[in-house]
Amino acid sequence: MALKQTADMLTLTPEELDERYAYKGSDLGATFDEHTIRVRLWAPTAERVVIRLYRTLRARKVEELELTADQQGTFVVELDRAVYEGYFYTFQASINGQKVEAVDPYAKAVGTNGKRGALIDPSAIHPERWIEERPLFHSSQDAVIYELHVRDATSHSASGVIERGTFRGLTEAGTRTPAGGLTGLDYLTDLGVTHVQLLPIYDFGSVNEAAPNDPDNYNWGYDPVNYFAPEGSYSSNPDDPAARIRELKALIQALHDRGIRVVMDVVFNHVHDAETAPIGQFVPGYFFRQAADGTLSNGSFCGNDTASERFMMRKFILDCVTYWAKEYHLDGFRFDLMGLHDIETMNQVRHALDRIDPSILIIGEGWDLDTPLAADQKANYFNAPQMPGIAHFNNGLRDGVKGDVQTPADRGFISGAFERTNEVKRGIAGNVSSQGFADEPNQVVSYVEAHDDLTIWDKLSVSKPEDTDEIRRKRQMLANAIILTGQGIPFLHAGQEFFRTKNGIRDSFNSGEVVNQLDYERAEQFRAGVEYVKGLIALRRQYPMFRLENTAMIRKHLRFLEEGEGIIAYELKRTYEGYVERQRVYHNATDHDVTIELPSGEFEILVEEGVVKIHAPRLHEEKQLVVKALSTTVIAERKADYKKYAVAGGAALTILGLLYAANKRRKNNK
């Protein structure tokens, strides 16, 4: 039964709106059947809503049709698909006597700069190859995540990519530098990462899509406008809503075909502009938190915080992530400033994605931020145990390794601050100790560099300015080894393997292509660094004890060794299929070589002096091992479990003895 909307509803609190008008249907936005397009908007505070229809993207002539007030504060209209498919549209609502016009918050397709939605069906728009199967993936700890900006990936002039800086550019195979180095898709494949995390690929507000080729018309995209539609500046034709859908799907498929899963960076905690964002126009004040003085809360430092704890905002988040997971076959979501959301919402996201595919990753920034939400409701790392299956970035490990990111000159373990050793050891062990925040290692993202803050190279340039470039590279390679041989989910920032620099710019979100582009010539120059990370990823893949699945296994199999100040050493040991297997890892952050006394055994050297040798390890027969300054050494041993065989043999002899005695008794009784 239709409900009459009145201006009196403006006096309802968000809690009262939830109680009276929470809409649980799955058809907000435009839905398509054979003959009809049904468009539904949730606007319980509106007195009247019309849909404004435009034949083309820039048409001035408009056709208006009134929507009918329907259940739970929604308005709905049915359109003839044969007539209106392909039209562009906006909503205009009358609220308290004022007319408000905006894009449908649930628009799945938009035109240039997201000013109008498009009545097209994304489920009917596919690239030539589009299959549902995701690359095989067993456990979140098997992941190695590589964070990448679409434009950065191919915008460099030496990338050899034709359509540089676009979705399509990253699908191009066989791209090379002038000197023959791998770039783009081939580079990612060769590196061996399991997941590529793309910085925001939804429609965002900070780049003018009408001029996508301007190298200074650039942004990371943490300013969302239309959450359900792809960004147009990465497409071949921002005017064509179908192009961006098709080309993004083609990119995801190209990565899937190479065995690489795709994580989407999502920013639900704030919008580009609360005064104009579609999500906030039709129910004033509902979708955003307010401070005590009535102003918008600003824990995001972006001018507004969304209210995930309210039913329709929570529904918006759930509808959005499940849409992207189903329609675009995405394999994971990275939640920006996740600590601003509430625990219940994040757990519902986990449950919703589990119903689609439990292997879909959820990771997020679990910082404790100032927003009017009770401390025990915040989805931050202090409350991580209440969010199983959701991983938080481990800033303790990050700062322990390279120094506090808020203080550029501050030093970490790799730069000589050995008082931070325990922070690093805690991170290596998956942060599951009594001092850690996690119950399980799948709740921890281990990293030392990401898109924001100084790159490791730039950080070391400030914190250890007296170092030569050679020494600085050794420190960074040590950091990379700490991450890739530790427990939890390892995460790499694109270019971290070849000492990426942003010229000392801490947050390069709008610094243009020149600063942000992936420099493949630098990757060639420092190929040894690339090969080292590639080798460490392969090492992690080959030796399961570097990616133990749970806390019980970490406590059983990982043991730290005492080797002196500036040395982190540990052993991973297990009995498996009749063999005893162990690896020993030595991270030497001192500026001198150290000599290690080894236990008895026959060890192979898997990693030493910045080289990984898993395919041709060197046999080490001496009782002492020299670990070079500012380097990681990994040794391994595999031998038969003679104790097991002895026990089994003893049991067999006992059984034979019992059989002999029983047989003798039978003979005596005859």
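Treat the numbers as computed from the prediction; the structure is a model and nothing was measured.

Analysis parameters
Residues numbered from 1 in each chain as written. Predicted model: local features only at pLDDT ≥ 70, side-chain atom pairs only at ≥ 80, totals over all residues. Heavy atoms only, no water. Helix = DSSP H or I, 4+ residues; strand = E, 2+ residues; numbered from the N terminus. Rg over C-alpha atoms; globule rule 2.2 N^0.38 Å. Buried < 20%, exposed > 50% of the residue type's maximum accessible area, 1.4 Å probe, protein only. Areas by Shrake-Rupley, 256 points an atom, 1.4 Å probe, with all protein chains shown as cover. Lys, Arg positive; Asp, Glu negative; His and termini not counted. Charge placed at Lys NZ, Arg CZ, Asp CG, Glu CD. pLDDT = per-residue confidence, 0-100. Contact = heavy atoms within 4.5 Å. Salt bridge = Lys/Arg side-chain N within 4 Å of Asp/Glu carboxyl O. Phe/Tyr/Trp six-rings, centres within 6.5 Å; stacked < 30°, edge-to-face > 60°. 1 Å grid on protein atoms, 1.4 Å probe; cavity = no way out; pocket = protein on both sides within 12 Å on 5 of 7 lines; lining within 4 Å. Points joined across faces, edges and corners; volume = space filled by probe spheres on them. Nonpolar A, V, L, I, M, F, W, Y, C, P; charged D, E, K, R; others polar. Axes fitted to C-alpha atoms, helices over the stretch in contact; angles between N-to-C directions. Parallel < 35°, antiparallel > 145°, perpendicular 65-115°, else oblique. Left-handed = near helix turned anticlockwise from the far one by under 90°. Pairing = 2+ DSSP bridges. Core = buried A, V, L, I, M, F, W, Y, C linked by side-chain atoms within 4.5 Å. Arc of directions from axis to C-beta. Disulfide = S-S within 2.5 Å.

1. Examining the overall build of the protein chain
So, step 1. Across its full length, the protein chain holds 17 helices and 28 strands.
So, step 2. Compactness check: the protein chain gives a C-alpha radius of gyration of 29 Å against a globular reference of 26 Å for 670 residues, within 12% of the reference.
So, step 3. Projected onto the principal axes, the alpha-carbon positions of the protein chain cover approximately 95 × 80 × 55 Å.
So, step 4. By residue count, 61% of the 670 residues in the protein chain fall in the buried class.
So, step 5. Carbon and sulfur atoms provide 49% of the accessible area of the protein chain, an area that totals close to 26,900 Å².
So, step 6. Between the averaged position of the 77 positive side-chain charges in the protein chain and that of its 97 negative side-chain charges there is a distance of 7 Å.

2. Comments concerning the confidence of the model for the protein chain
So, step 1. When pLDDT is averaged along the protein chain, the result is 95, and 94% of the positions lie at 70 or above.
So, step 2. Across residues 1-5, confidence stays below pLDDT 50; counting only partners more than four residues off in sequence or on other chains, it has 18 contacts.

3. Topic: the pattern of salt bridges
So, step 1. All told, the structure shown has 50 salt bridges when counted by the stated rule.
So, step 2. For the salt bridge of Glu64 with Arg52, the shortest nitrogen-to-oxygen distance reads 2.3 Å. Of this pair, Glu64 sits in strand 4 (residues 63-66) while Arg52 is found in strand 3 (residues 48-54), placing the two residues twelve residues apart along the sequence.
So, step 3. Taking relative accessible area as the criterion, Arg52 reaches 14% and is therefore assigned buried.
So, step 4. Across the pair Arg582 and Glu637 runs a salt bridge whose closest N-O atoms are separated by 2.8 Å. Taken as a pair, Arg582 in strand 22 (residues 579-588) and Glu637 in strand 28 (residues 631-640) lie far apart in primary sequence, 55 residues in all.
So, step 5. Look at the salt bridges and you will find they share partners, linking Arg559, Glu571, Arg582, Arg584 and Glu637 into a network.

4. Details of the packing of aromatic side chains
So, step 1. Under the defined criterion, the tally for this structure stands at 33 aromatic pairs.
So, step 2. Note on Trp42 and Phe287: the rings are 6.0 Å apart at their centroids and 85° apart in plane angle, and the pair reads as edge-to-face. Highlighted residues: Trp42 in strand 2 (residues 36-42) and Phe287 in the loop between helix 6 (278-281) and helix 7 (311-327), separated in sequence by 245 residues.
So, step 3. Aromatic pair Phe393 and Phe491: ring centres 5.1 Å apart, planes at 80°, arrangement edge-to-face. Taken together, the residues span a long stretch of sequence, with Phe393 in strand 17 (residues 391-393) and Phe491 in strand 19 (residues 489-493) at a distance of 98 residues. Like Phe491, Phe393 is buried.
So, step 4. Through a chain of ring-to-ring contacts, the aromatic side chains of Tyr106, Tyr202, Tyr227, Phe228, Phe268, Phe316, Tyr323, Trp324, Tyr328 and Phe335 assemble into a single cluster.

5. What about empty space enclosed by the protein?
So, step 1. For the coordinates displayed, the defined rule picks out five cavities of 30 Å³ or more.
So, step 2. Taken together, 14 residues line the largest cavity, and the ones lying closest to its centre are Leu41, Trp42, Pro105, Tyr106 and Phe287.
So, step 3. The leading source of residues in the lining of the largest cavity is strand 2, at three residues.
So, step 4. In terms of residue class, the lining of the largest cavity is made up of twelve nonpolar, no polar and two charged.
So, step 5. Of the volumes computed, that of the second largest cavity is approximately 60 Å³.
So, step 6. Every residue along the wall of the second largest cavity is listed here: Glu147, Leu148, His149, Asp152, Leu199, Trp220, His451, His493, Ala494, Arg500, Lys502 and Asn516.
So, step 7. Looking at side-chain class alone, the lining of the second largest cavity contains four nonpolar, four polar and four charged residues.

6. Details of the side chain of Lys459
So, step 1. With respect to the helices and strands, Lys459 occurs in helix 11 (residues 456-463).
So, step 2. Buried within the structure, Lys459 lacks any salt-bridge partner; its nearest side chain of opposite charge belongs to Asp410, at an N-O separation of 5.2 Å.

7. Regarding the packing of helix 11 against helix 12 (residues 469-484)
So, step 1. For the pair helix 11 and helix 12, interaxial distance at closest approach is 10 Å and the crossing angle is 130°. As judged from the angle between their axes, helix 11 and helix 12 are oblique. Crossing geometry of helix 11 relative to helix 12 is assigned as right-handed. Taken together, the residues of helix 12 that come into contact with helix 11 (itself represented by Ile456, Trp457, Leu460 and Ser461) are Asp469, Arg472, Arg473, Arg475, Gln476, Ala479 and Asn480.
So, step 2. In terms of residue class, the contact of helix 11 with helix 12 is made up of four nonpolar, three polar and four charged.

8. Structural notes on the sheet that holds strand 14 (residues 261-266)
So, step 1. Ordered by their spatial adjacency, eight strands build a closed barrel running 10-11-14-15-16-17-18-19, and the pairing between neighbours is parallel. On average, adjacent strands in this sheet sit at an angle of 30° to one another, irrespective of strand direction.
So, step 2. Contacting strand 14 and strand 15 (332-335), helix 7 runs over the sheet at an angle of about 140° to strand 15.

9. Points about the environment of Tyr54
So, step 1. Checked against the element boundaries, Tyr54 lands in strand 3.
So, step 2. Separated by 64 residues in sequence, Tyr54 and Ala118 have C-alpha atoms that sit 9.3 Å apart.
So, step 3. Apart from the residues within four sequence positions on either side, Tyr54 is in contact with Ala59, Arg60, Lys61, Val62, Tyr87, Phe88, Tyr89, Thr90, Glu101 and Arg116.

10. Some points on the nonpolar core
So, step 1. Residues Tyr146, Leu148, Trp324, Phe333 and Phe335 are the most contacted members of the largest nonpolar core, which totals 159 residues.
So, step 2. Here this core takes ten residues from helix 7, the largest share from any one element.
So, step 3. Excluding residues within four positions of it along the chain, Leu148 makes contact with Ala153, Leu170, Leu188, Val196, Gln197, Leu198, Leu199, Ala494 and Leu518.
So, step 4. By size, the runner-up hydrophobic cluster in this structure holds 28 residues, among which are Ala46, Leu67, Phe91 and Val103.

11. Structural notes on helix 1 (residues 14-21)
So, step 1. Those residues of helix 1 not exposed but buried are Pro14, Leu17, Asp18 and Tyr21. End-on, the buried residues of helix 1 take up no more than an arc of 110°, which puts them together on one face. Opposite the packed face of helix 1, turned more than 90 degrees from it, sit the exposed residues Glu15 and Glu19.

12. Here we look at the state of the cysteines
So, step 1. By the definition in use, this model includes zero disulfides.
So, step 2. Its sulfur unpaired, Cys302 is 18 Å from the next cysteine sulfur, which belongs to Cys320.
So, step 3. The class for Cys302 is partly exposed, based on a relative accessible area of 36%.
So, step 4. We classify Cys320 as buried; its relative accessible area is 2%.

13. Regarding unusual backbone geometry
So, step 1. The phi torsion at Asn96 lies on the positive side, around 55°, for a residue other than glycine.
So, step 2. Examined against the element boundaries, Asn96 turns out to sit in the loop between strand 7 (88-95) and strand 8 (98-102).
So, step 3. On the basis of relative accessible area, Asn96 is assigned to the partly exposed category, the value being 48%.
So, step 4. Residue Asn113 is not a glycine yet carries a positive backbone phi of 60°.
So, step 5. Examined against the element boundaries, Asn113 turns out to sit in the loop between strand 8 and strand 9 (117-118).
So, step 6. On the accessibility criterion, Asn113 (26% relative accessible area) is partly exposed.

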